[in-house]
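Here are the chains, one letter per residue:
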Amino acid sequence: MRVLVVEDERRLAGLLARGLREAGHAVDVRHTGSDGLLAASAGAYDSVVLDVMLPGLDGVAVCRTLRQRGNMVPVLMLTARGDVPDRVAGLDAGADDYLAKPFSFDELLARLRALHRRAGGPSSAEVRAGDLLLDPARRRVFRGEVEIDLSAREFDILALLLSRAGSA
Ligand code: CA
């Protein structure tokens, strides 16, 4: 599956990304809440691993904003150990599950699999707008037959715009 990791601690983010890739998943990493929100809003992920403690926009605010926009991507929140208010706030904001730090990587994988089963599989269909074709699963964009080379951030912005094109 495609997993978005939003975690500002670079070391932990790197470990998570490496472990998830070794488990066969496609992983993108964002280090701030606002970048994470943008990427998650692009709608191409099967699940999001979202740290609560992020600079600026925190994980709770990111999750709440996603839900307010109708984005129901499964969210696994990472909270500080024993921090009950964090967990309550996360679940109230629409997180599907939480895991307290420090956690075992095997448990993280198991919880992601459970979230994925509950959500009923991937929902990353191709999006067409005029002669543009956007493939969320492979994160590729084509104009007609020609592939357009975009940065990760540019892809997220385009995907977000296209996802809203019909609903504005
Ligand atoms: Ca953090």
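Before reading further, recall that the structure is shown in the block above.
Reading the values: rules and limits
Residues numbered from 1 in each chain as written. Predicted model: local features only at pLDDT ≥ 70, side-chain atom pairs only at ≥ 80, totals over all residues. Heavy atoms only, no water. Core = buried A, V, L, I, M, F, W, Y, C linked by side-chain atoms within 4.5 Å. Buried < 20%, exposed > 50% of the residue type's maximum accessible area, 1.4 Å probe, protein only. Helix = DSSP H or I, 4+ residues; strand = E, 2+ residues; numbered from the N terminus. Contact = heavy atoms within 4.5 Å. Pairing = 2+ DSSP bridges. Axes fitted to C-alpha atoms, helices over the stretch in contact; angles between N-to-C directions. Donors = N, O, S within 2.8 Å, 3.2 Å for Na, K, Ca; no water.

A. Focus on the nonpolar core. Membership of the largest hydrophobic core comes to 19 residues, with the highest contact counts inside it found for Leu 4, Val 48, Leu 50, Cys 63, Val 75 and Met 77. For this core, the secondary structure elements donating two or more residues are strand E1 (2-6), helix H2 (33-41), strand E3 (47-51), helix H3 (59-68) and strand E4 (75-79). For this core, the element with the highest residue contribution is H3, accounting for four residues. Dropping the residues within four chain positions of it, Leu 50 is found in contact with Val 6, Gly 59, Val 62, Cys 63, Val 75, Leu 76, Met 77 and Leu 78. If you look at the next biggest cluster of nonpolar residues, it comprises 15 residues, including Val 49, Leu 76, Leu 78 and Leu 109.

B. Representation of the sheet that holds strand E9 (residues 146-148). Spatially, four strands are ordered E6-E7-E8-E9 in an open sheet, and the strand pairing comes out antiparallel. At either end of the open sheet lies a strand with only one pairing partner, and these are strand E6 (127-129) and E9. Pairs of neighbouring strands in the sheet enclose a mean axial angle of 25 degrees, with direction left out of account. Two elements, E6 and strand E7 (residues 132-135), share three bridges in a ladder whose sense is antiparallel. Its bridge partner being in E7, Ala 129 is matched across the sheet by Leu 132.

C. Structural context of the sheet that holds E1. With respect to topology, five strands assemble into an open sheet ordered E2-E1-E3-E4-E5, the strand pairing being parallel. On the outer flanks of this sheet lie strand E2 (26-30) and strand E5 (97-100), each paired with one strand and no other. On average, each strand axis in the sheet is inclined to that of its neighbour by 20 degrees, with strand direction left out of account. Strands E4 and E5 of the sheet are contacted by helix H4 (residues 84-92), whose axis makes an angle of about 160 degrees with E5.

D. How the structure looks around the coordination of the calcium ion. Surrounding the calcium ion are the protein donor atoms Glu 7 (OE), Asp 8 (OD), Asp 51 (OD) and Met 53 (O), at 2.0 to 3.0 Å. Donor residues binding the calcium ion come from one chain and are separated in sequence as E-D-x42-D-x1-M. Pair noted here: Asp 8 is in the loop between E1 and helix H1 (10-22) and Asp 51 is in strand E3, with a separation of 43 residues, a long-range link.

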